[in-house]
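Examining the three-dimensional arrangement
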Amino acid sequence: MKAYEKLKNLRRQKGLSQLQMGKIIGTDASNYSRKERGEVKIYEDEWEKLAKVLGVSSESIKNNELKHSQRLENGIQDSNIAYSKIPNFILETQHKYIERLERENKKLIEENNKLKNAGIN
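The notes below deal with the structure included here. No experiment lies behind these values; they were computed from the predicted model shown.

1. Some thoughts on the pattern of salt bridges
Tallied over the entire structure, the rule returns five salt bridges. Its salt-bridge partner being Lys35, residue Glu46 comes within 2.9 Å of it at the nearest N-O pair. Here Lys35 lies in helix α3 (residues 29-36) and Glu46 lies in helix α4 (residues 44-54), a separation of eleven residues in the sequence. Both residues of the pair, Glu46 and Lys35, count as buried.

2. With respect to α4
Spacing of three or four residues puts side chains on the same side of an α-helix, whose turn is 3.6 residues. What α4 keeps buried is the set Glu46, Trp47, Leu50, Ala51 and Leu54. The buried side chains of α4 occupy one side of the element, clustering within an arc of 130° when seen end-on. Looking one or two residues past α4, Gly55 carries a phi angle of roughly 75°, positive in sign.

3. Re the packing of aromatic side chains
Taken as a whole and judged by the stated rule, the model has one aromatic pair. Judged by centre distance (6.0 Å) and plane angle (40°), the ring pair of Tyr4 and Trp47 falls under tilted. Highlighted residues: Tyr4 in helix α1 (residues 3-13) and Trp47 in helix α4, separated in sequence by 43 residues.

Procedures and definitions
Residues numbered from 1 in each chain as written. Predicted model: local features only at pLDDT ≥ 70, side-chain atom pairs only at ≥ 80, totals over all residues. Heavy atoms only, no water. Salt bridge = Lys/Arg side-chain N within 4 Å of Asp/Glu carboxyl O. Helix = DSSP H or I, 4+ residues; strand = E, 2+ residues; numbered from the N terminus. Buried < 20%, exposed > 50% of the residue type's maximum accessible area, 1.4 Å probe, protein only. Arc of directions from axis to C-beta. Phe/Tyr/Trp six-rings, centres within 6.5 Å; stacked < 30°, edge-to-face > 60°.

Dropping the structure here:
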């Protein structure tokens, strides 16, 4: 169960409305509803306030979310492995292209500065 679902279930078990929960964290019912659906971030201090009212620890609510973020980190590591399998000639071509863009960018910045200075004088 996701942390947001757990939060919603706990709120309902305690017989609290979204309006009441919103007041606890200093927001309106509409914004709290978006937080409870996971559309808006719940900040750590808000988790603490909500957990206190619900009589649980914030960690017990967010427990599954930590596992989810660990899976995301593993996914990033897996994608890094995939990038390591890209042939060197492709990486070299990309590196040359980036260097070319950097040179062109530098020239454009210099030209832009010259035009700015010419307009000031």
